[in-house]
Amino acid sequence: MKIYDVITTNIKYYMEKFEKNVDFKVNYPDISIISYLSKQTGLTIRRINDILNNRAKIRIFELGRISDALQVPITALVDDSAKHN
């Protein structure tokens, strides 16, 4: 699997996990996870969607911002041994 595929798979996994978090639901009851990421990272929703759908390659600073917003180590987003099915 290519590294960009690994990263997008891991980001999607952690987005889903973060979205189900009780604290997220309480603190952001009327916001989608994609809107939250956009607000927290300064990236546009379109840019995030392009990354998630492999229409654009993620830059290292974007990866860092996303990992911070999702509250996971950057290494978790590049780990190709993780199996998120």
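Per chain, residue numbering runs from 1 following the sequence as it is written. Two thresholds apply to this predicted model, a pLDDT of at least 70 for residue-level local features and 80 or more for giving and counting side-chain atom pairs, whereas whole-chain, interface and lining totals are computed over all residues. Side-chain measures here rest on the full set of heavy atoms in the structure, leaving out hydrogens and waters.

Could you give me a rundown of the pattern of salt bridges, with the residues and numbers involved?
Think of a salt bridge as a Lys or Arg side-chain nitrogen and an Asp or Glu carboxyl oxygen that are within 4 Å of each other. A complete count under the given rule lists 5 salt bridges for this structure. Residue Lys20 is joined to Glu16 by a salt bridge in which the shortest nitrogen-to-oxygen separation is 3.3 Å. With Lys20 and Glu16 both in helix α1 (residues 3-20), this residue pair falls 4 residues apart, about one helical turn. Residue exposure (1.4 Å probe, protein chains only): buried if accessible area is under 20% of the type maximum, exposed if over 50%, otherwise partly exposed. The exposure class of Lys20 is exposed, given its relative accessible area of 53%. Using a relative accessible area of 46% as the deciding quantity, one classes Glu16 as partly exposed. Residues Asp50 and Arg55 are paired through a salt bridge, measuring 3.0 Å at the closest nitrogen-oxygen approach. When its relative accessible area of 17% is taken as the criterion, Asp50 is described as buried. In this structure Arg55 comes out as exposed when scored by relative accessible area, which is 55%. One continuous salt-bridge network, built from bridges that share partners, spans Arg46, Asp50 and Arg55. Secondary structure follows DSSP: runs of H or I at least 4 residues long count as helices, runs of E at least 2 residues long count as strands, and numbering of each begins at the N terminus.

An account of the packing of α1 against helix α5 (residues 60-70) is requested, with residue identities and associated values reported.
It is at 10 Å that the axes of α1 and α5 come closest, and there the two elements cross at 25°. Between α1 and α5, the interaxial angle falls into the category roughly parallel. α5 is crossed by α1, and the crossing has left-handed handedness. On α5, the residues touching Ile7, Ile11, Tyr14, Met15 and Phe18 of α1 are Leu63, Ile66, Ala69 and Leu70. Residue type decides the class: Asp, Glu, Lys and Arg count as charged, Ala, Val, Leu, Ile, Met, Phe, Trp, Tyr, Cys and Pro as nonpolar, and the leftover types, Gly among them, as polar. Partitioned by chemical class, the residues of the contact of α1 with α5 number 9 nonpolar, no polar and no charged. Each axis is a line fitted through C-alpha atoms, taken for helices only over the stretch in contact, and angles between the N-to-C directions span 0 to 180 degrees. What sets the label is the angle itself: under 35 degrees gives roughly parallel, over 145 gives roughly antiparallel, 65 to 115 gives roughly perpendicular, and the rest give oblique. Take the far helix as the reference: if the near one is turned anticlockwise from it by less than a right angle, the crossing is left-handed, and if turned clockwise, right-handed. By definition in these notes, contact holds between two residues if any of their heavy atoms fall within 4.5 Å.

How would you summarise unusual backbone geometry if you had to cite specific residues and measurements?
Residue Asn54 is not a glycine yet carries a positive backbone phi of 55°. Among the residues examined, Asn54 registers a relative accessible area of 43% and is labelled partly exposed. At Gln71, a position not held by glycine, the phi torsion is positive, near 60°. Within the secondary structure, Gln71 sits in the loop between α5 and α6 (74-78).

Tell me about the packing of aromatic side chains, residues and numbers included.
Two aromatic rings from Phe, Tyr or Trp, using only the six-membered ring of Trp, form a pair when their centres are within 6.5 Å; if the ring planes differ by under 30 degrees the pair is stacked, by over 60 it is edge-to-face, and anything between is tilted. One pass over the full model with this rule turns up 6 aromatic pairs. Aromatic side chains Phe24 and Tyr36 sit 5.3 Å apart centroid to centroid with 80° between the ring planes, which places their arrangement in the edge-to-face category. With a gap of 12 residues between them, Phe24 in helix α2 (residues 22-27) and Tyr36 in helix α3 (residues 33-41) connect regions that are remote in the sequence. Of the two residues examined, Phe24 and Tyr36, each falls in the buried class. Grouped by ring-pair contacts, the aromatic residues Phe18, Phe24, Tyr28 and Tyr36 constitute a single cluster.

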